[in-house]
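Here is how the chains run, residue by residue.
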Amino acid sequence: METLTLKPIRTVKGEVTLPGSKSLSNRILLLAALAKGETTITNLLDSDDVRHMLTALQALGVSYQLSGDKRTCVLKGLGGAFSSAEAQTLFLGNAGTAVRPLTAALAMSEGTFTITGEPRMYERPIGDLIDALRQLGADISYKQDEGFPPLEIQGKPLAGGEVSIKGNISSQYLTALLMVAPLFSGDTRIRVDGELVSKPYIDITLDTMAKFGVAVTNNQYQSFDIKGGQTYLSPGEIMVEGDASSASYFLAAAAIGKGPVRVHGTGSASIQGDARFAEVLEQMGAKVTYSDMWIEVEGTGKLSGVDVDLNHIPDAAMTIATTALFAKGPTRIRNIYNWRVKETDRLSAMATELRKVGATVEEGDDYIVIEPPAEIRSAAIDTYNDHRMAMCFSLASFGAADIVINDPKCTSKTFPTYFDEFARISKA
Ligand SMILES: O=C(O)C1=C[C@@H](OP(=O)(O)O)[C@@H](O)[C@H](O)C1
Ligand SMILES: C=C(OP(=O)(O)O)C(=O)O
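Conventions adopted
- Residue positions are given per chain, counting from 1 as you read along its sequence in written order.
- Throughout, the order in which chains and ligands are written sets their labels, letters from A for the former and numbers from 1 for the latter.
- Given that the model is predicted, a residue must reach a pLDDT of at least 70 before its local features are reported, and side-chain atom pairs must reach 80 or more before they are shown or counted; all residues, however, enter totals for whole chains, interfaces and linings.
- Only heavy atoms go into the side-chain values, all of them from the structure, while hydrogens and water stay out.
- UniProt positions are given in the numbering used here, feature names are shortened, and annotations may be inferred rather than shown by experiment.
- Think of it this way: one heavy atom of a residue within 4 Å of a molecule or strand is enough to make that residue near it.
- Whenever two N or O atoms come within 3.5 Å, that pair is a polar contact, provided that in protein one can donate a hydrogen and the other can accept it, and provided that, for residues adjacent in sequence, both atoms are side-chain atoms.
- Every accessible area reported is derived by Shrake-Rupley at a probe size of 1.4 Å, with residue values counting cover from the shown protein chains alone.
- Numbering of helices and strands starts at the N terminus; helices are DSSP runs of H or I of at least 4 residues and strands are runs of E of at least 2.
- Basically, the charged four are Asp, Glu, Lys and Arg, the nonpolar ten are Ala, Val, Leu, Ile, Met, Phe, Trp, Tyr, Cys and Pro, and anything else, Gly included, counts as polar.

As recorded by an unreviewed UniProt entry, the protein chain carries the name 3-phosphoshikimate 1-carboxyvinyltransferase and is attributed to Gilvimarinus algae. UniProt's Catalytic activity (unreviewed entry) comment on the protein chain is quoted here verbatim: "3-phosphoshikimate + phosphoenolpyruvate = 5-O-(1-carboxyvinyl)-3-phosphoshikimate + phosphate". Regarding the protein chain, the UniProt comment filed under Pathway (unreviewed entry) reads as follows: "Metabolic intermediate biosynthesis; chorismate biosynthesis; chorismate from D-erythrose 4-phosphate and phosphoenolpyruvate: step 6/7."

Residues in close proximity to ligand 1 total 13 residues, the closest being Ser 170, Ser 171, Ser 198, Asp 315 and Lys 342. At a separation of 2.7 Å, an oxygen atom of ligand 1 approaches a polar side-chain atom of Lys 22. Measuring from an oxygen atom of ligand 1, one finds a side-chain N or O atom of Gln 172 at 3.5 Å. Out of a free accessible area of 390 Å², ligand 1 has 95% covered by protein chains.

What follows concerns the site of ligand 2. Taken together, the neighbourhood of ligand 2 is formed by 14 residues, with Lys 22, Gly 96, Arg 124, Arg 388 and Lys 413 sitting nearest. One of the side-chain N or O atoms of Gln 172 is found 3.1 Å from an oxygen atom in ligand 2. In this structure, Asp 315 approaches ligand 2 through a side-chain N or O atom, which is 3.3 Å from an oxygen atom. Burial of ligand 2 by the protein chains amounts to 98% of its free accessible area of 300 Å². Of all the secondary structure elements, the ones that give two or more residues to the shell around ligand 2 are α3 (96-107) and α11 (387-392). Classifying every residue of the shell around ligand 2 gives one nonpolar, five polar and eight charged.

This is the structure we're talking about:
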């Protein structure tokens, strides 16, 4: 296994141009494929999750041209659902933003489709989405375990109607249903059954749909009304915002290690919920400045532990867990049950690895409490094939000890060049 040794660093300073948002890249690619007209997508993310979406779209008959740096994509839309005379097997890695929306899109496309992925994807639930699609008449079966991929889909046009969907495990199920509902022949009312987690991701979905010409009536996130028989229309050109989750590591580094660090590509005008991550750093004691499309953080030398509900920013919330190593007093992060069903069981992984560097950690069913150690201990950090575990633990190198990151290349899921960027702004 490859490892990366991070030598102790004292400060970070500089500017970072963020790679494109994973959430926006995969939504825009799918809607551009379903839309009428040609779309030029700029600042597309070049990473594993986006590559899986691109490869799947190509197999489904969508033609596009990628620039040499893979960050510009000119894509010819189909002007409606997919259709495939031959049975297709699509391998989608561990990309939730590809598996969930494509499952919904293929359920209402003509053809026979099999969705496969990495072993971890077969442990990540999808039953709530399948239950909702079946209410609408979709024909989907589980090839292994009930409620999990791999899936077999006998696609066919769907008529829409009334449907309820659970939102307490992942917002991606609702996102998937919302994105395909305009293509149903009739109108659809989606009712959210119980709690809805990760709510800001629904705003990303609705905003992206609006950019492709489709309006949804949002009844306070409890139900959504979508007119049937619509066609998405290409906006012509569309730029992907910088990834606000990826920004969190640099901003937290500035809060710990003085800074200032300015990230470009996300800011107060951003549609991504994770742009609000900096508010938590501010609450911990850092100084934060925003423009529409950049965020700058400066450390004040005083970080305090916080007690926060971070259900709205589950990905960036992980960055608070390692920032907490450098705060005074304990940090409690609450309402994060779904960390357990992401790239790994992140509550368990985070607790285990934080203890290795000396923290005292309480792992609850849906929360974590981190008491910082007097001194960070040198450790080899296991990353569980989870890009965010690797990126979060780069922050542990602000202690006085070497930190070894096992399998650092797992950042390729969303940020292949992360450790180069982190080294570029770091000073011993
Ligand atoms: O819709 C999206 O783009 C995402 C939604 C979130 O998932 P959940 O809704 O499962 O929390 C987030 O963790 C994931 O990285 C991306
Ligand atoms: C949960 C994540 O990914 P996915 O889109 O696969 O759910 C993530 O990027 O942290």
